[in-house]
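Residue strings, one per chain:
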Amino acid sequence: MTGLGPGSKVRNASEIKMRLEEEICSLISEVQDFNLSTIERIELPTALEFHRYVAANRPVVISLPASCTTIHEPSSSRAAPTSQEKQWAWPAFTKWTNEYLSDTLGNKEITVACTPNGWADAVVDDKYFAMPCEKKMTFEKFLEGMPIRTPKKRDAQSQDSYEDLEARTRYLELESRDLNGVTETTDPYQEVRYIQLQNGNLMTEYEELLEDVPSEIQFASEALGKKPDAVNFWYGDERSTTSLHKDHYENIYGVITGRKIFTLIPPTEQYCLHENHYIAATYVDTQDSSSSPSQPSSPSSPRYKLEPMEPLTYTKWIGLNPSHEPKEELYEKFPRFHMCQPFRVELNPGELLYLPAMWYHQVEQEPDHEGKCIAVNWWYDMGFEGDRFATATFMSNLVQLIDQIDVSSE
């Protein structure tokens, strides 16, 4: 613990700033020393067992019974599933293929986040907080812009309904070009699509899928004493990444197919993240949104451009990218990040991540054999009783105060 001796006084801004930073660094080190250095993985917990992680504000990965991702109908070749296996054998695990989703949702209008690079709600050029271009389209239209790797089955009524896989994926083929000796992979259509609309989209745009996953996670609802505020459906591929941020929700995140890779940072390490204010802007598609993807953009004329909001608005966000930037460059650009000890968590089908409210997280994904990654998450409103929210707010204000102390004139 660093502190002033009895009767000591701080007499200038430089020393005040230094002392405050020392105390915050001491707090970060103590929290790191007294907590686990890895994220635990456990079997299905009782509500009481789960509540211990909630009380400790600690993430945990929960594995469903191994057979849950494959059991759907009883089979004569294996023993009947147990009652627990039946409870957790969500139909989504076996039903949510592209064919099933297309048949179920094909002509349904949905909301799709579109960007040129897969980074929605992220900092661009160290200047802008870039929000996606949100488009309304049918689910089938959405699939046409995804790297689908299996063709749709032939309609038995038609000899002409084979879909040419090569033609279907022409829109998504990635081209490689050599730039200054570095091979860069580019999308000739300059658009990455991601279903990420939140605030309960499963119950609004995807209600046809409600019977395939539970409306709540029972042990979480019992431990938290409430039902979920929202259940969200996520569909994307490896091109989409969710930038580092935090939410005011207790989050139960489950992967249906593909894999999610989380980078987790506790709220006590906020000082390390160099939060800043950026100009809020939205991606705008310069092409007619109704135009066919058969006409790719010219590489010299980007399809998307950023338009700042009017009136000018600033958004507080995190500009660093803990999993993509080389550490040397990261530390040079964001020197306080060297104190940070991020957790990396890989989440597979049949696994749930409990992500406590206000933990920072960046999310990447890897696709399944069909080129898709699908997840569902249950958001429970965080409790504002106790001192967790107040302490986090105090830390945020303190870090902002430190950054505002001007020592240049001393």
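In this text, all values refer to a predicted model and were calculated from it rather than measured experimentally. (Residues numbered from 1 in each chain as written. Predicted model: local features only at pLDDT ≥ 70, side-chain atom pairs only at ≥ 80, totals over all residues. Heavy atoms only, no water.)

**Comments concerning the overall build of the protein chain**
Looking only at helices and strands, the protein chain features 10 helices and 21 strands. Per-residue burial over the protein chain gives 48% buried out of 410 residues. Look at the contacts in the protein chain between residues 6 or more apart in sequence, and 80% of them connect residues 24 or more apart. (Helix = DSSP H or I, 4+ residues; strand = E, 2+ residues; numbered from the N terminus. Buried < 20%, exposed > 50% of the residue type's maximum accessible area, 1.4 Å probe, protein only. Contact = heavy atoms within 4.5 Å.)

**Details of the confidence of the model for the protein chain**
Summarising the model, the protein chain shows a mean pLDDT of 85, and 80% of its residues fall at 70 or more. Predicted confidence is poor over residues 154–186, with pLDDT under 50, and the contacts of this stretch with residues over four places away or in other chains come to 48 contacts. Below a pLDDT of 50 lies the segment residues 290–294, which in the model reaches five contacts outside its immediate sequence neighbourhood of four places, other chains included. (pLDDT = per-residue confidence, 0-100.)

**Quick word on the packing of helix α1 (residues 13–33) against helix α10 (residues 388–404)**
The contact between α1 and α10 brings their axes to 10 Å, and the two run at 145°. You can see that α1 and α10 cross each other, and the crossing is left-handed. Seen from α1, the contacting residues are Lys17, Leu20, Glu21, Ile24 and Leu27; seen from α10, they are Met395, Leu398, Val399 and Ile402. Its residues placed into classes, the contact of α1 with α10 shows seven nonpolar, no polar and two charged. (Axes fitted to C-alpha atoms, helices over the stretch in contact; angles between N-to-C directions. Left-handed = near helix turned anticlockwise from the far one by under 90°. Nonpolar A, V, L, I, M, F, W, Y, C, P; charged D, E, K, R; others polar.)

**Here's the deal with the pairing of strand β19 (residues 351–355)**
Counted residue by residue, β19 has five buried out of five residues, so it is predominantly covered. Every second residue of β19 is oriented toward a common face, with Glu351, Leu353 and Leu355 on one face and Leu352 and Tyr354 on the other, all of them buried. Both strand β13 (residues 249–257) and β19 contribute to a ladder of four bridges, which runs antiparallel. In the strand pairing of β19, isoleucine 252 is matched with tyrosine 354. (Pairing = 2+ DSSP bridges.)

**Focus on the side chain of serine 240**
Its location among the elements puts serine 240 in the loop between β11 (230–236) and β12 (241–245). Accessibility expressed as a relative area gives 2% for serine 240, which makes it buried. Setting aside its immediate chain neighbours within four residues, serine 240 contacts Gly118, Val192, Arg193, Tyr194, Val363, Glu364 and Gln365.

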